[in-house]
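Single-letter residue listing:
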Amino acid sequence: MTGFRISEKTQWLALGQPFVLESGEPLAGVEVAYRTWGQLSAAGDNAVIVCHALTGSADADDWWGDLFGAGKTLDPEKQFIVCANVLGGCYGTTGPASPAPDGRPWGARFPRVTVRDQVRLQMLLADHLGIRAIRFVIGGSMGGLQALEWAALDPQRVGAVVSIAATGRHSAWCAAWSEAQRLALAADPKFRNGHYDPADPPHGGLAAARAVAMVTYRSPASLAVRFGRASGRQVFAGQAHAPEEFAVRNWLRHHGQALTRRFDANSYLCLLEAMDTHDLGRNRGVYENALTQIGQPVLVGSVITDALYVPGDQQNLAFLLPRGELFEIDSEHGHDGFLIDAANYEVRVRRFVDRLPAGAGSCGPTEKPVAEQPLTSAAGLKFAW
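Predicted model only: the values in this text are computed from it and were never measured. (Residues numbered from 1 in each chain as written. Predicted model: local features only at pLDDT ≥ 70, side-chain atom pairs only at ≥ 80, totals over all residues. Heavy atoms only, no water.)

How would you summarise the overall build of the chain if you had to cite specific residues and measurements?
Along the chain, the regular secondary structure elements total 13 helices and 10 strands. For the chain, the C-alpha radius of gyration of 20 Å lies close to 21 Å, the compact-globule estimate for 385 residues. For the chain, the C-alpha atoms occupy an extent of roughly 60 × 50 × 40 Å along the three principal directions. Each of the 385 residues in the chain was classed as buried or not, and the buried ones make up 56%. Accessible surface computed for the chain: about 15,700 Å², of which carbon and sulfur atoms make up 53%. Side-chain charges of the chain comprise 35 positive and 39 negative groups, with the mean position of each set lying 2 Å from the other. (Helix = DSSP H or I, 4+ residues; strand = E, 2+ residues; numbered from the N terminus. Rg over C-alpha atoms; globule rule 2.2 N^0.38 Å. Buried < 20%, exposed > 50% of the residue type's maximum accessible area, 1.4 Å probe, protein only. Areas by Shrake-Rupley, 256 points an atom, 1.4 Å probe, with all protein chains shown as cover. Lys, Arg positive; Asp, Glu negative; His and termini not counted. Charge placed at Lys NZ, Arg CZ, Asp CG, Glu CD.)

Quick rundown of the pattern of salt bridges? Include the residues and the values.
For the structure on display, the rule yields 23 salt bridges. Residue Arg282 pairs with Glu22 through a salt bridge whose shortest N-O separation is 2.8 Å. Of this pair, Arg282 sits in the loop between helix H9 (265–276) and helix H10 (287–292) while Glu22 is found in the loop between strand S2 (19–20) and strand S3 (26–27), placing the two residues 260 residues apart along the sequence. Note on Arg282: relative accessible area 13%, which makes it buried. Measuring nitrogen to oxygen at the nearest pair gives 3.0 Å for the salt bridge that ties Glu149 to Arg116. Note that Glu149 is positioned in helix H3 (residues 142–153) and Arg116 in helix H2 (residues 115–129), a separation of 33 residues in sequence. Exposure class is identical for Glu149 and Arg116. Each is buried. (Salt bridge = Lys/Arg side-chain N within 4 Å of Asp/Glu carboxyl O.)

Go over helix H4 (residues 172–186) with me, naming the residues and quoting the values.
Across its 15 residues, H4 extends 21 Å between first and last C-alpha, which sits within 8% of the 21 Å expected from 1.5 Å per residue. Among the residues of H4, Cys174, Ser178, Gln181, Arg182, Ala184 and Leu185 are the ones counted as buried. Down the axis, H4 shows its buried residues gathered within 160° of arc, on one side only. Set apart from the buried face of H4 by more than 90 degrees, the exposed residues are Ala172 and Leu183. At its buried positions, H4 is contacted by helix H5 (203–217) and H9. (Expected span 1.5 Å × (residues − 1). Arc of directions from axis to C-beta. Contact = heavy atoms within 4.5 Å.)

Mind laying out the sheet that holds strand S9 (residues 298–303), listing which residues take part and the relevant values?
Strand pairing in a sheet is mediated by backbone hydrogen bonds. Such pairs are either parallel or antiparallel. Strand order in the open sheet formed by 8 strands is S1-S4-S6-S5-S7-S8-S9-S10, with mixed pairing between adjacent strands. In this open sheet, the two edge strands, each paired with only one partner strand, are strand S1 (11–14) and strand S10 (324–329). Strand-to-strand, the axes of this sheet are offset by a mean angle of 20°, without reference to chain direction. Pairing of S9 with S10 involves 6 bridges; the strand directions are parallel. The partner of Val300 across the bridge, within S10, is Leu326. Sitting on the sheet, H3 is in contact with strand S5 (47–51), strand S7 (134–140), strand S8 (161–164) and S9, with an inclination near 150° to S7. (Pairing = 2+ DSSP bridges. Axes fitted to C-alpha atoms, helices over the stretch in contact; angles between N-to-C directions.)

I'd like a rundown of the environment of Val235, residues and numbers included.
Position of Val235 among the secondary structure elements: in helix H7 (residues 232–236). Overall, the relative accessible area of 31% leaves Val235 in the partly exposed class. Placed 123 residues apart in sequence, Val235 and Ala358 show a C-alpha to C-alpha distance of 50 Å. Apart from the residues lying within four places of it in its own chain, the contact partners of Val235 are Arg226, Phe227, Ala230 and Ala247.

Quick one: what's the story with unusual backbone geometry, residue by residue and with numbers?
Positive phi outside glycine occurs at Ser141, with the angle close to 60°. Along the polypeptide, Ser141 turns up in the loop between S7 and H3. Of note in this structure, Asn193 is not a glycine but carries a positive phi near 55°.

Give a detailed account of the nonpolar core, specifying residues and quantitative values.
Residues Leu87, Ile131, Trp150 and Tyr268 are the most contacted members of the largest nonpolar core, which totals 79 residues. When sequence neighbours within four positions are dropped, the list of residues in contact with Tyr268 reads Leu54, Thr55, Gln181, Leu206, Ala209, Arg210, Ala213, Tyr217, Leu259 and Phe263. Membership of the second largest hydrophobic core comes to 28 residues, among which are Val48, Ala53, Leu299 and Val353. (Core = buried A, V, L, I, M, F, W, Y, C linked by side-chain atoms within 4.5 Å.)

How would you summarise the confidence of the model for the chain if you had to cite specific residues and measurements?
This prediction gives the chain a mean pLDDT of 92; 92% of its residues lie at or above 70. A low-confidence stretch, residues 362–385 stays under pLDDT 50, and its non-local contacts, those more than four residues away or across chains, total 74 contacts. (pLDDT = per-residue confidence, 0-100.)

Below you can see the structure in the form of structure tokens.
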């Protein structure tokens, strides 16, 4: 449990034994914070898994509300919808802000985790909930990375995947932007290599890191239309932080400061690294060959103005997946279009979901990752969003 705001509808699963990470390191006392909507069928075969982005939470109906509702992609009247806060996060699931076995926050001592670790933990949650078949897994950005990993790790249960504004492995471009955020955070004297006082965290560095990220989440056209060369007073009136400065500067400062009130700096770094190290081909052979082993239908959504997970990433992904299907999201907002314009593409996703055969997903938990070679040390992993 952390000190950040968590919905009163959140539930928890406490693991009864240490969770062994991909690195081989055991992590004791792991808890998973999650939300559910709808009811699991008697056969346990109507589940849908929703995966959140970098600073998201299990409250999928808040940040992806346009996909929720009767007759929509995420329909609690028909589906049992589950969304869990990821391992390494700070909204209830064990992460750097959680207490370590010695009673102090893990902080910089928290072990390195991967997207694969995060999905393996979610699989244990699915086992606990009695889920025998997952109709589809859906996620955007970091959630899209998880959704694809779900297909590779749990092919017996996962019937299909919807991955939006994501890819099968982080590119050098994505890793470069991640490093810029790390450098911004580390420049704050309060950061102290991650060993900061929880009562006096590096707010300046985290705000700067978030400002870097926000530039990658939007497009030049989006910022031009919204702000142009207008002043803070012209756009934000009395709410402007610096009325005489450019409105876009006010916007960046606002988002940076807002994140410091709701997120932990070490969690931010932990999740960045999980994304940067993500590669569906790791321990599965050549990346392209690993993609060909994903046999489920996969709908790949691409925001045409995305400057972070660029459209070429999704085009390549859809081409290599045996049953990949690409659709474009016509949004001027850049990467964040996967959230901002969800109402505009919900019908397209719903058409894909409605075409899935009844009972998509198979019968019961898989005992081990499919097509994986034995796990090796994480010493060779690199550092993400």
